[in-house]
Amino acid sequence: MQAIILAGGRGERMRPFTDTYPKPMVPVLGKTLIAHQLSQLEANGIIDVVVYGSYLQQKLQAYLGDGSNFGVRIEHRVADFDLGSAGVIKEALTKLPESEQDALILYGDIFSDINLKALVKDHRSEPRPYATLAVLEHKNPFGVAKMSGSLIDSFEEKPTTYENAGIFVVSREMANQLPDQGDFSSHGMQVMIEKGYHFHGFVHSGYWWDVRSLDVVSEIEEHFAQEGKIRGETSSAGSGYRK
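Residues numbered from 1 in each chain as written. Predicted model: local features only at pLDDT ≥ 70, side-chain atom pairs only at ≥ 80, totals over all residues. Heavy atoms only, no water.

K.L.:
Please explain the sheet that holds strand β1 (residues 2-7) as it appears in this structure.
P.N.:
Within a sheet, neighbouring strands are paired by backbone hydrogen bonds and run either parallel or antiparallel to one another. With respect to topology, seven strands assemble into an open sheet ordered β5-β4-β1-β6-β11-β8-β12, the strand pairing being mixed. Edge strands, defined here as strands with exactly one partner in the open sheet, are β5 (73-78) and β12 (199-204). Here the strands of the sheet are splayed against their neighbours by 30 degrees on average, with no regard to which way each runs. Both strand β8 (residues 131-139) and strand β11 (residues 160-171) contribute to a ladder of eight bridges, which runs antiparallel. When the bridges of β11 are listed, T132 appears paired with V169. (Pairing = 2+ DSSP bridges. Helix = DSSP H or I, 4+ residues; strand = E, 2+ residues; numbered from the N terminus. Axes fitted to C-alpha atoms, helices over the stretch in contact; angles between N-to-C directions.)

K.L.:
Would you mind going over the packing of aromatic side chains with me for this structure?
P.N.:
Remark: the centre distance and the inter-plane angle together describe each pair of aromatic rings, the angle taken between the planes. The final tally for this structure, using the stated rule, is 11 aromatic pairs. On the numbers, 5.6 Å between centres and 90 degrees between planes, the contact of Y107 with F168 is edge-to-face. Of this pair, Y107 sits in strand β6 (residues 102-107) while F168 sits in strand β11, and the two are 61 residues apart along the sequence. Each member of the pair, Y107 as well as F168, is classed as buried. Their ring planes at 45 degrees and their centres at 6.0 Å tell us that Y207 and W209 sit as a pair that is tilted. Here the two residues Y207 and W209 agree in accessibility, since each one is buried. Ring pairing ties together the aromatic residues F111, Y207, W209 and F224, which thus form one cluster. (Phe/Tyr/Trp six-rings, centres within 6.5 Å; stacked < 30°, edge-to-face > 60°. Buried < 20%, exposed > 50% of the residue type's maximum accessible area, 1.4 Å probe, protein only.)

K.L.:
How should I be thinking about unusual backbone geometry in this particular structure?
P.N.:
Cis geometry marks the peptide bond from R15 to P16, where omega comes out at 15 degrees. Structurally, P16 can be placed in the loop between β1 and α1 (17-20). Of note in this structure, L56 is not a glycine but carries a positive phi near 50 degrees. Structurally, L56 is set in the loop between β4 (48-53) and α3 (57-64). In this structure L56 comes out as partly exposed when scored by relative accessible area, which is 28%. You will see that K158, though not glycine, has its phi angle at about 45 degrees, which is positive. Relative to the elements of secondary structure, K158 occurs in the loop between β10 (151-156) and β11.

These figures come from the coordinates and say nothing about function on their own.
In structure tokens, the structure reads:
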């Protein structure tokens, strides 16, 4: 299986670090964020990786090289992320090797211990969906109202909802349904769901962070310091914790 890492964000909320370095190179627990992702892929037997960059892409490419220092094989591509994630993922799917029917997509700002092997296995179960998303279960402690303007349409007491974890397996056929630009979730998956296409959710109960700012990096460091644990690629430290 080929993994696709979307690593083109400008990281505006991570300045001043991103004035000089691309966001995936931010240090987290002793190594860069993207190095953690590559270690996770390698540990799960996924070694063919395509990294889509944009902002400071040459610096990221120089750092990663061909991937041999990380135990993987990396191909670098440049994309226009201003057009949205849907177009980048569509291009990635159209360029999959003929032998591959699926691709593993990772947003380049996610730090987690999601079981990638189990995610892929779930996607390949029958009936096979167009995509399988890792999702985070959220048990809301309060009642939730849905409103149209000032009118309450419905009310649900303490509902359980599921949040997109930014890691998913996508079938190559989905490229035919994706727009050339726009958001992958709202302009891609949501439109397909409304048309009757099937998608699976894979519930992740381990740790997960969206590393959107340097404050989040500090939270991760503090969390693992308090846990008194050293992160391993198969660790369940901080199980159920997400930010």
